[in-house]
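Structural characterization, general
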Amino acid sequence: MAETQKDQITKDNIYNTVEPDDFAAMIECDRYLERASAFDKIISATHDHFWDPMDKRYIDFSTPFDIENEYMVEPEMTVGFGTAVWDKLDEKNRIKLTNLDTHWSLSNILHGEQGAMALSASLCHILRDPGAQEYAANQAREEARHVTAFIEIVRARFGKPMACGPVLRDTLTELVNSKLAWKKIVGMQLLIEGLAMGAFATFYNKGRDPLIIRLAQLAMTDEAFHHKFGKIWADRTIPHLNEEEHNKIEDWAWQVFSNLLYNLASPDQKKHIYEQVGLDWEWVQGAFMEGMTDEKVRENMQQSSNIFRVLVKTLLMCGIITKRTAGNYAAYIDMQQLHMESDEMVGDSIAAAGIEQLRKINSRNEALRPLSGQAAD
């Protein structure tokens, strides 16, 4: 069913939208004077977390690592670890599978960053408020450097990226092509960015390749702010929804969450990597399903950096999950415990430390920058 302006759910003028092809609305004189200040702080803060993926002062993609003989991440991160899949492999192939799985994960993060860049740019075409537009344009710039950075780490370690997993591809396509601001913001700024924060925190804490650890922290310095944009939307929108509108958003969020939970890292999404270690992907799928019981999933989701736990906490903090759907999530996570936790998100402290490092680097860079009119060396 085609989306129309009638499907928009807008409770605050800063999220007013126009049709993507209605440029005439963007050059109305009065519109320029209606800029909200809600995003000023996160826009101005971009200078605190600037980094350049092509500058070795921030990250050096020539850093060596022996991917043939060393685990890039802790092996427990590998899909199949602790199941019959792991038992069937010798140490060399365990390393190979772990690093192939890491190749797949980094590739899909790259595709996700490409989706985030395209989605942020698409918000510039529909958000009417100049401040909201400026934030979206700013995020598009930051997502673009993530695309560059993940291209470079994949190039350095593997040569080229793997294809996007079908579930992630379809989810990103729906979000980027949607005309609905609420779907773009809930889908990308809360759901996908929530997953990203969990993934980067996990890579930072469980990475063995120093390049992965460094890139995870740098990406988190940006993602923490992207997440805040979604939280601002939630604070200004969720409390003012009527029951029908809230149910629509809540049901859609659960649909996306459950689809990602069961399918995002499933062996059928990356069949080709198992062939490279001599395993039939259908057998792997069976072993994976046997080993990953609901009880095991629930156990994994108790870890603070589990990507889906981070996602549930995000939705809960934003008021999207209510008693109406809490039981769906409670099958996998202790919702009472989440209610009792602080608002601090996993990765906030990692991002804060990264921002402090960036301030120092950028301060030194500024001191070395030639004065206007002087040529650089």
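These remarks concern the structure in this document. Quantities reported herein were computed from a predicted structural model and do not represent experimental measurements.

1. Things to note about empty space enclosed by the protein
This structure, assessed with the given rule, holds one cavity of 30 Å³ or more. Considered as a void within the structure, the largest cavity measures approximately 40 Å³ in volume. Lining the largest cavity, in full, are Leu-106, Phe-150, Ile-153, Phe-200, Phe-203, Ile-212, Leu-215 and Ala-216. Looking at the lining of the largest cavity, the elements with two or more residues in it are α5 (130-158), α7 (181-206) and α8 (210-237). For the lining of the largest cavity, the element with the highest residue contribution is α8, accounting for three residues. Within the lining of the largest cavity, the residues separate by chemical class into eight nonpolar, no polar and no charged.

2. What about the packing of aromatic side chains?
Within a pair of aromatic rings, the relevant descriptors are the distance that separates the centres and the angle that separates the planes. Overall, the coordinates contain 14 aromatic pairs when judged by the stated rule. Each ring, one from Phe-39 and one from Phe-229, has its centre 5.1 Å from the other, and the planes form 45°; the classification is tilted. Here Phe-229 lies in helix α8 and Phe-39 lies in the loop between α1 (29-32) and α2 (40-44), a separation of 190 residues in the sequence. By relative accessible area, which is 0% here, Phe-229 ends up buried. An aromatic cluster is present here, built from Tyr-15, Phe-39, Tyr-135 and Phe-229 joined pairwise through their rings. In this structure, Lys-88 is placed above the aromatic ring of Trp-283, and the distance from its NZ or CZ to the ring centre is 4.2 Å. Stacked on the ring of Trp-104, the Lys or Arg Lys-270 has its end atom at 4.5 Å from the ring centre.

3. Side note on the layout of surface pockets
There is about 290 Å³ of room inside the second largest pocket. Listing elements by their share of the lining of the second largest pocket, those giving two or more residues are α7, α8, α13 (307-317) and α16 (348-368). With five residues, α8 is the single largest residue contributor to the lining of the second largest pocket.

4. Some points on the environment of Tyr-15
Along the polypeptide, Tyr-15 turns up in the segment before α1. For Tyr-15, a relative accessible area of 2% translates into the label buried. C-alpha separation for the pair Tyr-15 and Asp-129, spaced 114 residues apart in sequence, amounts to 7.0 Å. Residue contacts for Tyr-15: discarding those within four places in its chain leaves Thr-10, Phe-39, Leu-127, Ile-185, Phe-229, Ile-232, Trp-233, Arg-236 and Thr-237.

5. Here we look at the pattern of salt bridges
Under the definition given, this model contains 23 salt bridges. Here Arg-128 ties to Glu-28 by a salt bridge, and the two come within 3.5 Å at their closest N and O atoms. Of this pair, Arg-128 sits in the loop between α4 (91-126) and α5 while Glu-28 sits in the segment before α1, placing them 100 residues apart in sequence. For Arg-128, a relative accessible area of 21% puts it in the partly exposed group. Of the charged contacts, one joins Arg-57 and Asp-55 as a salt bridge, the two residues approaching to 2.8 Å between their closest N and O atoms. Residue Asp-55 is classed as buried on the basis of its relative accessible area, which comes to 15%. Connected via shared salt-bridge partners are Glu-28, Glu-34 and Arg-128.

Thresholds applied
- Numbering of residues begins from 1 in every chain and follows the order in which that chain's sequence is written.
- For this predicted model, a pLDDT threshold of at least 70 governs which residues receive local features, and a threshold of 80 or more governs which side-chain atom pairs are given and counted, while totals over whole chains, interfaces and linings are taken from all residues.
- Where side-chain values are given, they derive from all heavy atoms of the structure, hydrogens and water being excluded.
- In this analysis a 1.4 Å probe is tested at points of a 1 Å grid over the protein atoms alone, and where it fits but cannot get out there is a cavity; an open set with protein on both sides within 12 Å along at least five of seven lines is a pocket; lining residues have an atom within 4 Å of a point.
- Grid points are joined across faces, edges and corners, and a volume is the space filled by probe spheres set on the points.
- Where helices and strands are cited, they refer to DSSP runs of H or I of at least four residues and of E of at least two residues respectively, numbered from the N terminus.
- Note that Gly is not counted as nonpolar here; it falls among the polar residues with everything else outside the nonpolar set of Ala, Val, Leu, Ile, Met, Phe, Trp, Tyr, Cys and Pro and the charged set of Asp, Glu, Lys and Arg.
- When the centres of two rings from Phe, Tyr and Trp lie within 6.5 Å, Trp using its six-membered ring, the rings pair. Their planes under 30 degrees apart give stacked, over 60 give edge-to-face, and anything left gives tilted.
- Whether a residue is buried, partly exposed or exposed follows from its accessible area with a 1.4 Å probe, protein chains only, as a fraction of its type maximum: under 20%, in between, or over 50%, in that order.
- In our convention, an over-ring charge means Lys NZ or Arg CZ found within 6 Å of a ring centre and within 35 degrees of that ring's normal.
- We call two residues in contact whenever any of their non-hydrogen atoms come within 4.5 Å of each other.
- What makes a salt bridge here is a side-chain nitrogen of Lys or Arg within 4 Å of a carboxyl oxygen of Asp or Glu, nothing more.

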